[in-house]
Amino acid sequence: MIEANKLTKTFRDRKRGLVRAVDRVSFQCQPGQIFGLLGANGAGKTTTLRILGTLLEPTRGSATVAGFDVVKEPEKVRRSIGFLSNGTALYGRLTAREMLGYFGRLNGLEGSQLKSRVDELIERLEIGDFEKGRCDKLSTGQKQRVSIARSIIHRPPVMIFDEPTTGLDVMTSQTIMTFIEQCRDEGLTVVFSTHIMSEVERLCDEVAIVHHGRIATEGTVAELKAQAGEEVLENAFLKIVQGFDLETPAAEASASPNA
Ligand SMILES: Nc1ncnc2c1ncn2[C@@H]1O[C@H](COP(=O)(O)OP(=O)(O)OP(=O)(O)O)[C@@H](O)[C@H]1O
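Residues numbered from 1 in each chain as written. Predicted model: local features only at pLDDT ≥ 70, side-chain atom pairs only at ≥ 80, totals over all residues. Heavy atoms only, no water.

**Q** Would you explain the side chain of T172 in this entry?
**A** Positionally, T172 belongs in helix α6 (residues 170–185). With residues up to four places along the chain from it excluded, the contact list for T172 reads G141 and Q144. (Helix = DSSP H or I, 4+ residues; strand = E, 2+ residues; numbered from the N terminus. Contact = heavy atoms within 4.5 Å.)

**Q** Quick question: what am I supposed to make of the pairing of strand β7 (residues 158–162) here?
**A** Each regular strand displays side chains that alternate between the two surfaces of the sheet. Across the five residues of β7, five count as buried, placing the element largely inside the fold. Judged by which residues are buried, β7 turns out to be covered on both faces: V158, I160 and D162 on one side and M159 and F161 on the other are all buried. In terms of strand pairing, strand β6 (residues 81–85) meets β7 through five bridges, oriented parallel. In the strand pairing of β7, L84 is matched with F161. (Buried < 20%, exposed > 50% of the residue type's maximum accessible area, 1.4 Å probe, protein only. Pairing = 2+ DSSP bridges.)

**Q** What's the story with the pairing of strand β2 (residues 17–29) in this structure? I'm lost.
**A** The pairing of strand β1 (residues 2–13) with β2 spans nine bridges and is antiparallel. Bridging across to β2, L7 finds its partner in V25. From the end of β1 to the start of β2, which pair antiparallel, there are three residues.

**Q** Please explain the site of the ligand as it appears in this structure.
**A** Near the ligand you find 13 residues, and of these R16, G42, T46, T47 and E163 are the closest. G44 places a main-chain nitrogen or oxygen 2.9 Å from an oxygen atom of the ligand. Within the contact set of the ligand, an oxygen atom lies 2.6 Å away from a side-chain nitrogen or oxygen of T46. Protein coverage of the free-state accessible area of the ligand, which is 630 Å², stands at 68%. The residue makeup of the shell around the ligand, split by class, is four nonpolar, five polar and four charged. (Near = heavy atom within 4 Å. Polar contact = N/O pair within 3.5 Å; in protein donor to acceptor, adjacent residues only side chain to side chain. Areas by Shrake-Rupley, 256 points an atom, 1.4 Å probe, with all protein chains shown as cover. Nonpolar A, V, L, I, M, F, W, Y, C, P; charged D, E, K, R; others polar.)

**Q** Help me understand the side chain of Q33, please; the structure alone is not making it clear to me.
**A** Structurally, Q33 is set in the loop between β2 and β3 (34–38). Exposure remark for Q33: the relative accessible area of 17% places this residue in the buried category. At 2.9 Å, the side chain of Q33 forms a polar contact with the backbone nitrogen of Q30. What Q33 contacts, discounting residues up to four positions off in sequence, is Q28, R184, L188, T189, V190, D205 and E206.

**Q** Explain helix α8 (residues 221–228) to me, please; I cannot follow it from the model alone.
**A** Helical geometry: 3.6 residues make up each α-helical turn, so side chains three or four residues apart lie on a common side. The set of residues buried in α8 consists of V221, L224, K225 and A228. The arc that holds the buried residues of α8, viewed along the axis, is 100°, so those residues lie on one side. In α8, those exposed residues whose orientation departs by more than 90 degrees from the buried face are A222 and A226. Two residues or fewer past α8, G229 is found with a positive phi of approximately 70°. (Arc of directions from axis to C-beta.)

**Q** I tried to follow the packing of aromatic side chains on my own but got confused; where do I start?
**A** Ring pairs (aromatic) are described by centroid distance and by the angle formed between their planes. Enumeration according to the criterion identifies five aromatic pairs in this entry. Centre to centre, the rings of Y91 and Y102 are 5.7 Å apart; their planes meet at 75°, and the pair counts as edge-to-face. With a gap of eleven residues between them, Y91 in the loop between β6 and α3 (96–106) and Y102 in helix α3 connect regions that are remote in the sequence. You can call Y102 partly exposed: its relative accessible area is 33%. Their ring planes at 80° and their centres at 6.1 Å tell us that F161 and F179 sit as a pair that is edge-to-face. (Phe/Tyr/Trp six-rings, centres within 6.5 Å; stacked < 30°, edge-to-face > 60°.)

**Q** Honestly, the nonpolar core in this entry has me stumped. Any pointers?
**A** Nonpolar side chains in soluble globular proteins generally cluster together in the buried interior. Ranked by size, the top nonpolar core spans 48 residues in total, and within it L100, I127, V146, F161, F179, I180 and C183 carry the most contacts. Excluding residues within four positions of it along the chain, L100 makes contact with V118, I122, I127, V146, A149, R150 and I153. Counting residues in each nonpolar core, the second largest holds 26 residues, with L7, V25, F35 and V77 among its members. (Core = buried A, V, L, I, M, F, W, Y, C linked by side-chain atoms within 4.5 Å.)

**Q** How should I be thinking about the sheet that holds strand β9 (residues 206–211) in this particular structure?
**A** Read from one edge to the other, the open sheet built from six strands follows the order β6-β7-β8-β3-β9-β10, with strand pairing classed as mixed. Either end of the sheet is taken by a strand with one partner, and the two such strands are β6 and β10 (214–219). Sheet twist, expressed as the average angle between the axes of neighbouring strands with direction ignored, equals 15°. Sheet topology places β3 next to strand β8 (residues 189–194); five bridges connect them, and they run parallel. Bridge pairing in β8 places I34 opposite V190. (Axes fitted to C-alpha atoms, helices over the stretch in contact; angles between N-to-C directions.)

**Q** Please clarify how the packing of α8 against helix α9 (residues 233–247) should be interpreted in this entry.
**A** The relative placement of two packed helices is expressed as an angle between their axes plus a distance between the axes. Remark: α8 packs on α9, axes separated minimally by 9 Å, with the N-to-C direction vectors making an angle of 60°. Of the possible angle classes, the one that applies to α8 and α9 is oblique. α9 is crossed by α8, and the crossing has left-handed handedness. On α9, the residues that touch V221, L224, K225, Q227 and A228 of α8 are L233, A236, K239 and I240. (Parallel < 35°, antiparallel > 145°, perpendicular 65-115°, else oblique. Left-handed = near helix turned anticlockwise from the far one by under 90°.)

As C-alpha coordinates, this is what we get:
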(Lines give C-alpha, C1' and ligand atoms only; values in the text may rest on other atoms or scores of the structure.)
Protein backbone atom coordinates (compact mmCIF):
# COMPACT_ATOMS: atom_id res chain seq x y z
CA MET A 1 0.00 0.00 0.00
CA ILE A 2 1.04 3.60 -0.60
CA GLU A 3 -0.04 6.48 1.59
CA ALA A 4 0.96 10.06 0.78
CA ASN A 5 0.07 12.65 3.39
CA LYS A 6 0.29 16.33 2.41
CA LEU A 7 3.51 15.81 0.48
CA THR A 8 5.14 19.11 -0.43
CA LYS A 9 8.35 19.76 -2.33
CA THR A 10 9.86 23.12 -3.11
CA PHE A 11 12.92 23.67 -5.29
CA ARG A 12 15.10 26.73 -5.37
CA ASP A 13 15.43 27.57 -9.03
CA ARG A 14 18.01 30.12 -10.15
CA LYS A 15 15.68 31.80 -12.64
CA ARG A 16 12.26 31.24 -11.12
CA GLY A 17 13.08 31.51 -7.43
CA LEU A 18 11.17 29.11 -5.21
CA VAL A 19 9.18 26.57 -7.21
CA ARG A 20 6.59 24.55 -5.34
CA ALA A 21 6.59 21.44 -7.51
CA VAL A 22 4.35 19.40 -5.19
CA ASP A 23 1.86 21.02 -2.90
CA ARG A 24 0.09 19.12 -0.11
CA VAL A 25 -0.51 16.00 -2.18
CA SER A 26 -2.39 13.24 -0.33
CA PHE A 27 -3.65 9.93 -1.68
CA GLN A 28 -3.81 6.23 -0.97
CA CYS A 29 -3.28 3.27 -3.24
CA GLN A 30 -4.23 -0.24 -2.13
CA PRO A 31 -2.82 -3.63 -3.18
CA GLY A 32 -4.47 -4.84 -6.38
CA GLN A 33 -5.19 -1.27 -7.45
CA ILE A 34 -3.76 1.00 -10.13
CA PHE A 35 -3.67 4.62 -9.05
CA GLY A 36 -2.93 7.18 -11.76
CA LEU A 37 -1.50 10.66 -11.54
CA LEU A 38 -2.76 12.51 -14.61
CA GLY A 39 -1.34 15.92 -15.41
CA ALA A 40 0.25 18.17 -18.00
CA ASN A 41 4.00 18.77 -18.32
CA GLY A 42 5.38 20.30 -15.16
CA ALA A 43 2.33 19.39 -13.04
CA GLY A 44 4.45 17.67 -10.38
CA LYS A 45 3.95 13.99 -11.21
CA THR A 46 7.60 13.00 -11.48
CA THR A 47 8.54 14.87 -8.32
CA THR A 48 5.77 13.07 -6.39
CA LEU A 49 6.89 9.67 -7.67
CA ARG A 50 10.54 10.42 -6.98
CA ILE A 51 9.64 11.18 -3.36
CA LEU A 52 7.77 7.87 -3.10
CA GLY A 53 10.80 6.15 -4.64
CA THR A 54 13.14 7.80 -2.06
CA LEU A 55 15.06 9.62 -4.80
CA LEU A 56 14.01 12.97 -3.30
CA GLU A 57 13.05 13.98 0.23
CA PRO A 58 9.85 15.94 0.74
CA THR A 59 10.15 19.50 2.05
CA ARG A 60 7.10 18.77 4.16
CA GLY A 61 4.52 16.03 4.60
CA SER A 62 5.09 12.29 4.82
CA ALA A 63 4.55 9.08 2.91
CA THR A 64 4.69 5.37 3.55
CA VAL A 65 5.27 2.67 0.97
CA ALA A 66 4.54 -0.94 1.92
CA GLY A 67 4.33 0.31 5.51
CA PHE A 68 7.76 1.97 5.51
CA ASP A 69 8.40 5.69 5.88
CA VAL A 70 10.10 7.15 2.80
CA VAL A 71 12.33 9.46 4.87
CA LYS A 72 13.03 7.31 7.94
CA GLU A 73 13.27 3.89 6.26
CA PRO A 74 14.46 4.53 2.70
CA GLU A 75 16.34 1.22 2.38
CA LYS A 76 13.24 -0.79 3.27
CA VAL A 77 11.18 1.28 0.86
CA ARG A 78 13.70 0.65 -1.93
CA ARG A 79 13.55 -3.08 -1.34
CA SER A 80 9.75 -2.93 -1.57
CA ILE A 81 9.44 -1.07 -4.86
CA GLY A 82 10.18 -1.46 -8.53
CA PHE A 83 10.62 1.89 -10.27
CA LEU A 84 10.25 2.15 -14.02
CA SER A 85 10.56 5.37 -15.94
CA ASN A 86 11.12 6.00 -19.59
CA GLY A 87 14.77 6.60 -18.88
CA THR A 88 15.52 3.53 -16.75
CA ALA A 89 19.15 2.83 -17.60
CA LEU A 90 20.75 -0.41 -18.75
CA TYR A 91 24.46 -1.22 -18.92
CA GLY A 92 25.30 -1.22 -22.62
CA ARG A 93 28.11 -3.79 -22.43
CA LEU A 94 26.05 -6.46 -20.68
CA THR A 95 23.71 -8.80 -22.55
CA ALA A 96 20.04 -8.80 -21.59
CA ARG A 97 20.49 -12.01 -19.57
CA GLU A 98 23.65 -10.73 -17.85
CA MET A 99 21.85 -7.52 -16.99
CA LEU A 100 19.06 -9.40 -15.23
CA GLY A 101 21.53 -11.64 -13.44
CA TYR A 102 23.43 -8.59 -12.25
CA PHE A 103 20.36 -6.86 -10.84
CA GLY A 104 19.10 -10.12 -9.36
CA ARG A 105 22.38 -10.52 -7.44
CA LEU A 106 22.24 -6.88 -6.33
CA ASN A 107 18.86 -7.72 -4.85
CA GLY A 108 20.10 -10.77 -2.97
CA LEU A 109 19.15 -13.54 -5.39
CA GLU A 110 21.68 -16.26 -6.17
CA GLY A 111 22.16 -19.79 -7.48
CA SER A 112 19.15 -21.71 -8.74
CA GLN A 113 16.75 -19.13 -7.32
CA LEU A 114 18.37 -16.42 -9.43
CA LYS A 115 18.45 -18.57 -12.56
CA SER A 116 14.80 -19.58 -12.31
CA ARG A 117 13.70 -15.96 -11.73
CA VAL A 118 15.73 -14.74 -14.72
CA ASP A 119 14.36 -17.59 -16.90
CA GLU A 120 10.82 -16.79 -15.80
CA LEU A 121 11.12 -13.09 -16.68
CA ILE A 122 12.84 -13.82 -20.00
CA GLU A 123 9.92 -16.03 -20.94
CA ARG A 124 7.19 -13.77 -19.59
CA LEU A 125 8.55 -10.62 -21.28
CA GLU A 126 9.54 -12.43 -24.50
CA ILE A 127 13.21 -11.55 -24.17
CA GLY A 128 14.44 -14.99 -25.34
CA ASP A 129 15.12 -14.00 -28.96
CA PHE A 130 17.59 -11.32 -27.94
CA GLU A 131 18.76 -12.41 -24.48
CA LYS A 132 22.35 -12.79 -25.78
CA GLY A 133 22.37 -9.34 -27.41
CA ARG A 134 24.34 -6.53 -25.79
CA CYS A 135 21.96 -3.99 -24.28
CA ASP A 136 23.42 -1.11 -26.32
CA LYS A 137 22.56 -2.95 -29.53
CA LEU A 138 18.90 -3.58 -28.65
CA SER A 139 15.96 -1.67 -30.11
CA THR A 140 14.08 0.79 -27.89
CA GLY A 141 11.25 -1.70 -27.41
CA GLN A 142 13.64 -4.54 -26.54
CA LYS A 143 15.46 -2.31 -24.06
CA GLN A 144 12.18 -1.42 -22.43
CA ARG A 145 11.33 -5.11 -21.93
CA VAL A 146 14.68 -5.65 -20.23
CA SER A 147 14.09 -2.54 -18.09
CA ILE A 148 10.72 -3.91 -16.99
CA ALA A 149 12.28 -7.25 -16.06
CA ARG A 150 15.06 -5.43 -14.21
CA SER A 151 12.58 -3.34 -12.23
CA ILE A 152 10.62 -6.35 -10.98
CA ILE A 153 13.37 -8.97 -10.55
CA HIS A 154 13.14 -8.83 -6.73
CA ARG A 155 9.32 -9.35 -6.66
CA PRO A 156 8.48 -5.99 -5.06
CA PRO A 157 4.95 -5.57 -3.66
CA VAL A 158 4.77 -2.02 -5.03
CA MET A 159 5.43 -0.81 -8.59
CA ILE A 160 5.93 2.83 -9.55
CA PHE A 161 5.78 3.77 -13.23
CA ASP A 162 6.74 7.30 -14.24
CA GLU A 163 5.36 8.05 -17.72
CA PRO A 164 6.61 4.64 -18.82
CA THR A 165 5.36 4.82 -22.43
CA THR A 166 6.50 8.32 -23.39
CA GLY A 167 8.35 8.22 -26.70
CA LEU A 168 7.62 4.55 -27.35
CA ASP A 169 5.75 3.06 -30.30
CA VAL A 170 2.27 1.57 -30.06
CA MET A 171 3.48 -2.01 -29.76
CA THR A 172 5.97 -1.32 -27.00
CA SER A 173 3.41 0.82 -25.17
CA GLN A 174 0.97 -2.10 -25.34
CA THR A 175 3.58 -4.42 -23.80
CA ILE A 176 4.04 -2.02 -20.94
CA MET A 177 0.34 -1.51 -20.34
CA THR A 178 -0.27 -5.25 -20.34
CA PHE A 179 2.55 -5.62 -17.84
CA ILE A 180 1.01 -2.93 -15.60
CA GLU A 181 -2.31 -4.81 -15.70
CA GLN A 182 -0.56 -8.07 -14.78
CA CYS A 183 1.02 -6.34 -11.78
CA ARG A 184 -2.42 -5.26 -10.59
CA ASP A 185 -3.88 -8.73 -11.21
CA GLU A 186 -1.11 -10.27 -9.12
CA GLY A 187 -2.11 -8.02 -6.23
CA LEU A 188 0.69 -5.46 -6.42
CA THR A 189 0.11 -1.85 -5.45
CA VAL A 190 0.62 0.17 -8.64
CA VAL A 191 0.99 3.90 -9.06
CA PHE A 192 1.76 5.46 -12.39
CA SER A 193 1.91 8.88 -13.98
CA THR A 194 0.87 9.88 -17.45
CA HIS A 195 -0.56 12.63 -19.59
CA ILE A 196 -2.14 10.14 -21.99
CA MET A 197 -5.91 9.88 -21.56
CA SER A 198 -6.29 6.46 -23.21
CA GLU A 199 -3.85 4.94 -20.71
CA VAL A 200 -5.85 6.32 -17.83
CA GLU A 201 -9.11 4.98 -19.31
CA ARG A 202 -7.61 1.54 -19.79
CA LEU A 203 -5.63 1.16 -16.60
CA CYS A 204 -6.69 3.32 -13.68
CA ASP A 205 -8.98 2.16 -10.90
CA GLU A 206 -8.60 5.58 -9.34
CA VAL A 207 -7.06 8.73 -10.81
CA ALA A 208 -5.92 12.06 -9.40
CA ILE A 209 -5.70 15.07 -11.68
CA VAL A 210 -2.51 16.92 -10.75
CA HIS A 211 -2.26 20.59 -11.65
CA HIS A 212 0.39 23.09 -10.54
CA GLY A 213 1.61 20.60 -7.94
CA ARG A 214 -1.80 20.03 -6.39
CA ILE A 215 -4.49 17.41 -6.69
CA ALA A 216 -7.37 19.19 -8.40
CA THR A 217 -9.69 16.23 -7.99
CA GLU A 218 -9.65 12.46 -7.54
CA GLY A 219 -11.99 9.60 -8.42
CA THR A 220 -12.70 6.87 -10.94
CA VAL A 221 -12.66 7.84 -14.60
CA ALA A 222 -16.48 7.64 -14.59
CA GLU A 223 -16.64 9.92 -11.55
CA LEU A 224 -14.35 12.51 -13.15
CA LYS A 225 -16.47 12.54 -16.31
CA ALA A 226 -19.66 12.88 -14.26
CA GLN A 227 -18.13 15.63 -12.13
CA ALA A 228 -17.27 17.63 -15.25
CA GLY A 229 -20.46 16.70 -17.12
CA GLU A 230 -18.36 15.46 -20.04
CA GLU A 231 -18.36 12.12 -21.83
CA VAL A 232 -14.82 12.39 -23.14
CA LEU A 233 -12.04 12.21 -20.54
CA GLU A 234 -9.90 14.82 -22.30
CA ASN A 235 -12.74 17.33 -22.13
CA ALA A 236 -13.38 16.48 -18.49
CA PHE A 237 -9.67 16.95 -17.72
CA LEU A 238 -9.59 20.38 -19.41
CA LYS A 239 -12.76 21.53 -17.67
CA ILE A 240 -11.51 20.40 -14.26
CA VAL A 241 -8.11 22.10 -14.54
CA GLN A 242 -9.64 25.31 -15.91
CA GLY A 243 -12.14 25.35 -13.04
CA PHE A 244 -9.31 24.72 -10.58
CA ASP A 245 -7.35 27.68 -12.01
CA LEU A 246 -10.35 29.95 -11.52
CA GLU A 247 -10.97 28.76 -7.96
CA THR A 248 -7.33 28.89 -6.83
CA PRO A 249 -6.18 32.40 -5.95
CA ALA A 250 -3.02 33.34 -7.83
CA ALA A 251 -1.19 34.00 -4.55
CA GLU A 252 -1.90 30.49 -3.37
CA ALA A 253 -0.87 28.91 -6.66
CA SER A 254 2.48 30.71 -6.68
CA ALA A 255 5.41 29.42 -4.70
CA SER A 256 5.56 30.35 -1.07
CA PRO A 257 7.79 28.41 1.26
CA ASN A 258 5.80 29.18 4.38
CA ALA A 259 2.20 28.60 3.33
N1 LIG B 1 15.46 19.98 -9.53
C2 LIG B 1 14.57 20.93 -9.82
N3 LIG B 1 14.87 22.24 -9.66
C4 LIG B 1 13.99 23.21 -9.93
N5 LIG B 1 12.72 22.97 -10.36
C6 LIG B 1 12.35 21.69 -10.55
C7 LIG B 1 13.25 20.60 -10.30
N8 LIG B 1 12.60 19.44 -10.58
C9 LIG B 1 11.37 19.78 -10.99
N10 LIG B 1 11.22 21.12 -10.97
C11 LIG B 1 10.01 21.88 -11.33
O12 LIG B 1 8.93 21.33 -10.61
C13 LIG B 1 7.75 21.36 -11.39
C14 LIG B 1 7.17 19.96 -11.48
O15 LIG B 1 8.05 19.14 -12.25
P16 LIG B 1 7.79 17.57 -12.49
O17 LIG B 1 8.93 17.06 -13.30
O18 LIG B 1 7.50 16.93 -11.21
O19 LIG B 1 6.46 17.61 -13.38
P20 LIG B 1 5.80 16.47 -14.25
O21 LIG B 1 4.34 16.53 -13.98
O22 LIG B 1 6.47 15.17 -14.02
O23 LIG B 1 6.07 16.96 -15.72
P24 LIG B 1 6.53 16.17 -17.05
O25 LIG B 1 5.30 15.51 -17.57
O26 LIG B 1 6.99 17.29 -17.93
O27 LIG B 1 7.62 15.23 -16.66
C28 LIG B 1 8.14 21.96 -12.73
O29 LIG B 1 7.85 23.34 -12.70
C30 LIG B 1 9.63 21.71 -12.79
O31 LIG B 1 10.26 22.67 -13.60
